[in-house]
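Each chain is listed here by its residues.
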Amino acid sequence: MYRSDPDELAAARAELVGYGQRLLADGLSVGSAGNLSVRVGDTVAITPSGVAYQKMTPAGICLVTLGGARIGRDDARDEIGDDADQPETPSSETPMHLAIYQATGAAAVVHTHSPEVIALSAARPELPAIHYAITALGGPVRVAPYARFGSADLAAAAVEALDGRTAVILRNHGAVTYGDSLAQAYERALLLEWLARTYRLALSYGEPAVLSGAELDEVTAESRRRRYGMRAAKDTALKAREQRETPGRPLGQVTVLGAHILDVLGRPVEAIPPGQGSARLTEIRATAAGTAAGPGVDLAKLGASVLAVGAVGDDLLGDMVAAAMARHGVDTSGLSRKSGAQTSATILPIRGNGERPALHVPGATSLLELADVNLDQVRGSRALLVGAPDALGGIVGDGLAQVIGAARAGGALVAVDVLHPGRPQDLERIAGLLGVADWFLPNEDQLLALTGRDDLGPAIEDVLALGVGGVAVTCGADGCVIAWQGGGAPLSLPAIKVDVVDTTGCGDGFTAGMLAGLLLGADPVDAAWLAIACGSLVATGLGSDAGIESLGQALDFLGRAQPAVADRIAAAAARRAPASEEGADS
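Residues numbered from 1 in each chain as written. Predicted model: local features only at pLDDT ≥ 70, side-chain atom pairs only at ≥ 80, totals over all residues. Heavy atoms only, no water.

**Student:** With reference to specific residues and values, describe the sheet that holds strand β12 (residues 261-267).
**Tutor:** Taken in spatial order, the four strands make up an open sheet running β13-β12-β16-β17, and their pairing is mixed. Because the sheet does not close on itself, it has two edges, and the strands there are β13 (283-289) and β17 (359-361). On average, adjacent strands in this sheet sit at an angle of 15° to one another, irrespective of strand direction. Pairing analysis gives seven bridges linking β12 to β13, with the strands arranged antiparallel. Its bridge partner lying in β13, Leu-262 is registered against Ala-288. (Pairing = 2+ DSSP bridges. Helix = DSSP H or I, 4+ residues; strand = E, 2+ residues; numbered from the N terminus. Axes fitted to C-alpha atoms, helices over the stretch in contact; angles between N-to-C directions.)

Pasting the structure below:
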């Protein structure tokens, strides 16, 4: 019987796009080579044939049944290659993927064309146990006999060589790994390539020693013992967390439009060395940041299928922004690469107390045009975040209204955040946008500068008078202030104290948490508490993508300060979560 959950399939398609882009970034394939798939019930979502990963979109991910019949967008079943509703053609290796699903308990399959593995496949009958990490793949990895790509012979050879293993090397072709999730299957592909490279290096010194079957069994037994020993100590925490963890993508699709910036951060920096002097730092990181990209990454962690829309340069920095977002499962197909422009970027020397002076290049952000925005995708979103309208160019007066209209037509929640410190001229420019928005999410300094006020109360009244549904103002270590139409006087909520490493991206985390709470059906106060928790978590690490791991983790953290709020949001998330997988095939 055919079963699938639309939200889970949508999440799987977005995840496949993100990991497809990682294939290139991690050197596991080139061009459109390789393919990935995820099983959802009786349906397999698989990457299309011949489409470059940079151009792949969730809508272009193909759906087939376990028996090989194509599923069109209207869920009509047609044989592979004869479906007008789904323009892309499923991967040529679809038969191999389906054979693996039918022969194993796989939930995801990754097929790579990684160079170390291909080189080994042409010279050796197997990858021996050069390192004990190979136990994660089931032991020495076999090289399956050569068969033409896309053939039934190749599928049969792969399945046979996978017996007792979670990885197989295909002679003169590549490799296949599978797992309980796409993340696990992909990590196994990375491990396989690393082991192949390590084996080649060992061969350069002579014939290497390999671990015996008994030695590998000992490693496996010890790993199991350690996992068992850890379980008892964590039972209480796990039981609490199980009540809050939510499978799938309960927030649905969210579009983040606006500033996509590459941040390069280093810490701790107390002073710039004079002349050509140098200083040792503890940590240097590069992250996707800005009032669209930053919340986008956090929303993906919290359970949204995120579409990133913005302008970046056709440069290495743009590649890095896209790759950084894709690593978290964000769909970056909406990023427009502007030839000859530099990607917006910031250098942030982080002081020991968490302060963050910035050196910024405005870059391509202002070059976004209406033609760059897929209005159908916006129309299908549950929320639209316009991040940095004050930094956008002509689209603010010529096109952004159409984007908002598309979001509204689909019933989306619309939120706005700003990037710059703020001037009254900026407020005049975006007043019309705020008049049709549900929420405005500036920080305290920005709101006071935008309105020209000295006090938050009158500043909030000024913005509410424009017609915006509500205002949530971040106040750093003082927490936040929220107010909404018909909600009475502004309400102040305190911060949750943490050991601060870096305040970069705390506002983005707040925005993501606020939207997550609202999308889950929480009232504004509970949503603001989740926002505070997310902003606080981001402060515990370096960069805008630090701290937040998942909705369950954020609620677990919030529960220490506001257990009743965390429980209410967890209950709302459970109601939105996909149906239990207990009855699904595995």
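**Student:** Account for the packing of aromatic side chains, with residues named and values stated.
**Tutor:** If you walk through the whole model with that rule in mind, you get one aromatic pair. Where Tyr-19 meets Tyr-186, the ring centres are 5.2 Å apart and the plane angle is 55°; that geometry is what we call tilted. On the criterion of sequence distance, the pair formed by Tyr-19 in helix α1 (residues 6-25) and Tyr-186 in helix α5 (residues 182-203) is long-range, its members being 167 residues apart. By the burial criterion, Tyr-19 is buried, and Tyr-186 matches it. (Phe/Tyr/Trp six-rings, centres within 6.5 Å; stacked < 30°, edge-to-face > 60°. Buried < 20%, exposed > 50% of the residue type's maximum accessible area, 1.4 Å probe, protein only.)

**Student:** Talk me through a nonpolar patch on the surface; I want residue IDs and the actual numbers.
**Tutor:** A contiguous nonpolar patch, built from Val-264, Leu-281, Ile-284, Ile-347 and Leu-359 and spanning about 460 Å² of accessible area, is present on the exposed surface. Mapped onto the fold, Leu-281 is located in the loop between β12 and β13. (Patch = residues over 30% accessible without salt bridge, like charges linked within 9 Å, V, L, I, M, F, W, Y side chains within 5 Å. Areas by Shrake-Rupley, 256 points an atom, 1.4 Å probe, with all protein chains shown as cover. Salt bridge = Lys/Arg side-chain N within 4 Å of Asp/Glu carboxyl O.)

**Student:** Describe the packing of helix α7 (residues 293-302) against helix α14 (residues 506-519), naming the residues involved and giving the relevant values.
**Tutor:** Close contact between α7 and α14 brings their axes to 8 Å; oriented N to C, the two are set at 45°. On the basis of their axis angle, the class for α7 and α14 is oblique. Like other packed secondary-structure pairs, α7 and α14 cross with a definite hand, here right-handed. Contacts from Gly-294, Pro-295, Asp-298, Leu-299 and Leu-302 in α7 reach Asp-508, Gly-509, Thr-511, Ala-512, Gly-513, Leu-515 and Ala-516 in α14. Class assignment of the residues belonging to the contact of α7 with α14 gives a composition of six nonpolar, four polar and two charged. (Parallel < 35°, antiparallel > 145°, perpendicular 65-115°, else oblique. Left-handed = near helix turned anticlockwise from the far one by under 90°. Contact = heavy atoms within 4.5 Å. Nonpolar A, V, L, I, M, F, W, Y, C, P; charged D, E, K, R; others polar.)

**Student:** Tell me about the nonpolar core, and name the residues and values.
**Tutor:** Membership of the largest hydrophobic core comes to 66 residues, with the highest contact counts inside it found for Leu-299, Leu-302, Met-514, Leu-530 and Leu-558. For this core, the leading source of residues is helix α15 (residues 524-538), giving 10 residues. Contact partners of Met-514, with chain neighbours within four places excluded, come to Trp-439, Leu-441, Ala-472, Pro-524, Ala-527, Ala-528 and Ala-531. With 41 residues, the next largest nonpolar core counts Leu-257, Val-309, Val-378 and Leu-456 among its residues. (Core = buried A, V, L, I, M, F, W, Y, C linked by side-chain atoms within 4.5 Å.)

**Student:** Can you lay out the pairing of strand β8 (residues 141-144) for me, pointing to particular residues and giving the numbers?
**Tutor:** With two bridges connecting them, strand β7 (residues 126-127) and β8 associate as antiparallel partners. Its bridge partner being in β8, Glu-126 is matched across the sheet by Arg-142. Strand direction decides the pairing type here: β8 and strand β9 (residues 167-170), joined by two bridges, are parallel. Bridge pairing in β9 links Ala-144 to Leu-170. Regarding the hand of the β-α-β motif, the stretch spanning β8, helix α4 (residues 152-161) and β9 is right-handed. (Right-handed = clockwise from strand over helix to strand, strands pointing away.)

**Student:** Give me the lowdown on the side chain of His-97, citing residues and values where you can.
**Tutor:** Considering the arrangement of structural elements, one finds His-97 in helix α2 (residues 94-103). Apart from the residues within four sequence positions on either side, His-97 is in contact with Asn-35, Leu-36, Ser-37, Ile-46, Val-109 and His-111.

**Student:** Any chance you could break down the pattern of salt bridges for me, citing the residues and the numbers?
**Tutor:** Using the criterion set out here, one finds 13 salt bridges in the structure. Its salt-bridge partner being Arg-285, residue Asp-545 comes within 2.8 Å of it at the nearest N-O pair. One end of the pair, Asp-545, is in the loop between α15 and α16 (551-561); the other, Arg-285, is in strand β13, with 260 residues separating them in the sequence. As a salt-bridge pair, Arg-423 and Asp-426 come within 3.1 Å of each other at their nearest N and O atoms.

**Student:** How would you sum up the packing of α2 against α4? Please name residues and give values.
**Tutor:** Running from N to C, α2 and α4 cross one another at 35°; their axes reach a closest spacing of 8 Å. Crossing of α2 over α4 shows right-handed handedness. Listed contacts from α4 to Pro-95, Met-96, Ala-99, Ile-100 and Ala-103 of α2 are Leu-154, Ala-155, Ala-158 and Val-159. When its residues are assigned to classes, the contact of α2 with α4 shows nine nonpolar, no polar and no charged.

**Student:** Tell me what's going on with unusual backbone geometry, and back it up with residues and numbers.
**Tutor:** Cis rather than trans, the peptide bond between Arg-267 and Pro-268 has omega equal to -15°. Checked against the element boundaries, Pro-268 lands in the loop between β12 and β13. Here the phi dihedral of Asn-172 falls at roughly 55°; this positive angle occurs in a residue that is not glycine. Considering the arrangement of structural elements, one finds Asn-172 in the loop between β9 and β10 (174-179).

Purely geometric numbers; function is a separate question.
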